[in-house]
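Coordinate inspection notes
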Amino acid sequence: MEGEIIYPNYSLDKEISNFIKVWVSVITSLSYCKFTSKIVPKGLLRFLTFIPIICLFLYLPLNLHSMHLGGMSCFFVAWLSNFKILLLAFDKGPLSDPTLSLPKFLAIACFPIKKTEPKNPPPESITKPNPSPQITKKLGHKSVRNYALKGLLIAAFVQIYDYSERIHPKVILVIYCFHIYFMLELMLAAVATLARATLGLELEPQFNDPFLSTSLQDFWGKRWNLMVSRTLRPTVYDPTLSISTRIVGRKWAPLPAVFATFVVSALMHELIFYYLGRKRPTWEITWFFVLHGVCLVVEIVIKKLLKGRWQLPPVISTPLTVVIVMGTGFWLFFPQFLRFKADARAFEEYAILGAFVKDVVGGALRSRHFNGTAV
């Protein structure tokens, strides 16, 4: 990999210029959606007025090629924003709140955040202590120390990658697994902090210690990338559940709803990976999510049949869940990152950014020195 040029025509200036153009287009398009939703009635007609925006949002990420700017934009724009626009077409979802100002509307539409309405506590709660401090602490924002530790671990991972040729590939994949998780959490935490500081939005946590999951249902539904779960529920799960209830009854209706949700998630992940690598899909990502959808359906069936009479203790179920998620990830998910050289591209972007910052700082120091000499 040494000496290999991953981006032969890569220009940081051009990428930043395209990034600005993409997000100007996004902001303009979402402003149109907010205006249109006020004058066009919900339903098919509003959906038809949103179709050009949905198509545009699928196209815009193709103008970006970097792992960081491109990867972030394709996730926020092509997936989250499009799904929220679909909900708005039928006057559902977080964007349907008529009290949202334009800045809050744009923030909630663009980023994986959700405004939580403050609940009015009963009068006695003003004087009584919190009866469940563990719950408040668990669902609250994590400490700066927690994020700082994860930042240090990412820096350590970057140093370890220099010796990847001497390390077993499976160990490198384990490191990639934690690297991606930490990067996602730090990125989403940064977005949440910015939105909270500038717009006063109270945000729900994006991750909830997924390595403590006691089952696949616990992992996918309550702990991993919660904003995606909250987006898929009203757009895929709930409509499928409503249809399935009329066909198979309320007891078994969640099964096709869960599986349909994983199929849609699989297709969206394939799209994201295409944006990142621009390579023909091998459909291993799809099989990863389809497999987990099948496993989750089986888990739900077993739980319904047992009716809570018996379950594995957490000391067994937690490591078993981690092994299943990571094992299938090593098999089907993470090799796709290596297929389009995500690690090498990310390191090259770090090098390009470092050289850019060095040139800017050096130029500023030279200018200051020249001005001081002239005086």
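Residues numbered from 1 in each chain as written. Predicted model: local features only at pLDDT ≥ 70, side-chain atom pairs only at ≥ 80, totals over all residues. Heavy atoms only, no water.

1. Describing the overall build of the protein chain
Along its length, the protein chain carries 14 helices and zero strands. Seen in sequence order, the protein chain has helices and strands lined up from the N terminus as α-α-α-α-α-α-α-α-α-α-α-α-α-α. Burial statistics for the protein chain: of 375 residues in total, 40% are counted as buried. When the accessible area of the protein chain is evaluated, it comes to approximately 21600 Å², of which 68% is carbon and sulfur surface. (Helix = DSSP H or I, 4+ residues; strand = E, 2+ residues; numbered from the N terminus. Buried < 20%, exposed > 50% of the residue type's maximum accessible area, 1.4 Å probe, protein only. Areas by Shrake-Rupley, 256 points an atom, 1.4 Å probe, with all protein chains shown as cover.)

2. Some points on the nonpolar core
Judged by nonpolar contacts, the single largest core of 82 residues is most densely connected at V26, L30 and W79. Broken down by element, the residue count for this core peaks at 12 residues, all from helix α3 (residues 67-89). Beyond its immediate stretch of four places on either side in the chain, W79 contacts C74, V228, L232, S265, M268, H269 and I272. (Core = buried A, V, L, I, M, F, W, Y, C linked by side-chain atoms within 4.5 Å. Contact = heavy atoms within 4.5 Å.)

3. Description of the environment of F19
Along the polypeptide, F19 turns up in helix α1 (residues 12-39). Separated by 50 residues in sequence, F19 and L69 have C-alpha atoms that sit 7.1 Å apart. Residues within four places of F19 in sequence aside, it is in contact with L64, L69, M72 and S73.

4. Topic: the packing of aromatic side chains
A complete count under the given rule lists 26 aromatic pairs for this structure. Residues W220 and F262 carry aromatic rings whose centres are separated by 5.6 Å and whose planes lie at 85 degrees to one another, so their mutual orientation is edge-to-face. With a gap of 42 residues between them, W220 in helix α8 (residues 216-223) and F262 in helix α10 (residues 254-277) connect regions that are remote in the sequence. By relative accessible area, W220 is classed as buried at 14%. Residue F262 is classed as buried on the basis of its relative accessible area, which comes to 8%. On the numbers, 6.4 Å between centres and 70 degrees between planes, the contact of W220 with F288 is edge-to-face. Taken together, the residues W220 in helix α8 and F288 in helix α11 (residues 284-306) connect sequence positions 68 residues apart. The residue whose ring lies beneath R233 is Y237, and the NZ or CZ to ring-centre distance is 4.8 Å. (Phe/Tyr/Trp six-rings, centres within 6.5 Å; stacked < 30°, edge-to-face > 60°. Lys NZ or Arg CZ within 6 Å of the ring centre and 35° of its normal.)

5. Things to note about a nonpolar patch on the surface
A grouping of W310, L312, V315, I316, L320 and I324 is seen on the molecular surface, where their side chains present a nonpolar patch of about 570 Å² in accessible area. Residue placement: L320 occurs in helix α12 (residues 314-333). In this structure L320 comes out as partly exposed when scored by relative accessible area, which is 41%. (Patch = residues over 30% accessible without salt bridge, like charges linked within 9 Å, V, L, I, M, F, W, Y side chains within 5 Å. Salt bridge = Lys/Arg side-chain N within 4 Å of Asp/Glu carboxyl O.)

6. Let's talk about helix α4 (residues 102-110)
Because each turn of an α-helix spans 3.6 residues, side chains separated by three or four positions end up pointing in the same direction. What α4 keeps buried is the set F105, L106, A107, I108, A109 and C110. Structurally, α4 contributes buried residues whose contacts are with α1, α3 and α7 (169-199).

7. Some points on the confidence of the model for the protein chain
Residues with a pLDDT of 70 or more make up 85% of the protein chain, whose mean pLDDT is 83. Mean pLDDT across the elements of the protein chain bottoms out in helix α5 (residues 133-139) (39) and peaks in helix α2 (residues 44-59) (97). A low-confidence stretch, residues 1-6 (pLDDT under 50), is modelled with nine contacts involving residues beyond four sequence positions or located in other chains. With pLDDT under 50 throughout, residues 121-140 is counted as low confidence; its partners more than four residues away or in other chains account for four contacts. (pLDDT = per-residue confidence, 0-100.)

8. Here we look at unusual backbone geometry
Where the residue is not glycine, phi is negative for most of them; where a peptide bond is considered, it is trans in most cases. The phi torsion at N225 lies on the positive side, around 40 degrees, for a residue other than glycine. With respect to the helices and strands, the residue N225 is situated in the loop between α8 and α9 (226-248). Residue classification places N225 among the buried positions, given a relative accessible area of 12%.

9. Structural notes on the side chain of D218
Residue placement: D218 occurs in helix α8. At 3.0 Å, the side chain of D218 forms a polar contact with the backbone nitrogen of T214. Here the side chain of D218 touches R223 through a polar contact of 2.9 Å, side chain to side chain. With residues near it in sequence (within four places) discarded, D218 still touches L212, S213 and R223. (Polar contact = N/O pair within 3.5 Å; in protein donor to acceptor, adjacent residues only side chain to side chain.)

10. Comments concerning the environment of G293
Assignment of secondary structure puts G293 in helix α11. Exposure remark for G293: the relative accessible area of 0% places this residue in the buried category. A sequence separation of 28 residues divides G293 from S265, and the C-alpha atoms of the two residues are 10.0 Å apart. Dropping the residues within four chain positions of it, G293 is found in contact with F259 and F262.

11. So, the environment of P281
Inspection of the secondary structure assignment puts P281 in the loop between α10 and α11. Residue classification places P281 among the partly exposed residues on the basis of a relative accessible area of 30%. Along the chain, P281 and Q336 lie 55 residues apart, while their C-alpha atoms are 9.5 Å from each other.

12. Regarding the side chain of E15
Tracing the sequence through the fold places E15 in helix α1. Although E15 lies buried, it forms no salt bridge, and the closest oppositely charged side chain, R278, sits 7.4 Å away as judged by the N-O distance. Separated by 3.0 Å, the side chain of E15 and the backbone nitrogen of H65 make a polar contact. (Lys, Arg positive; Asp, Glu negative; His and termini not counted.)

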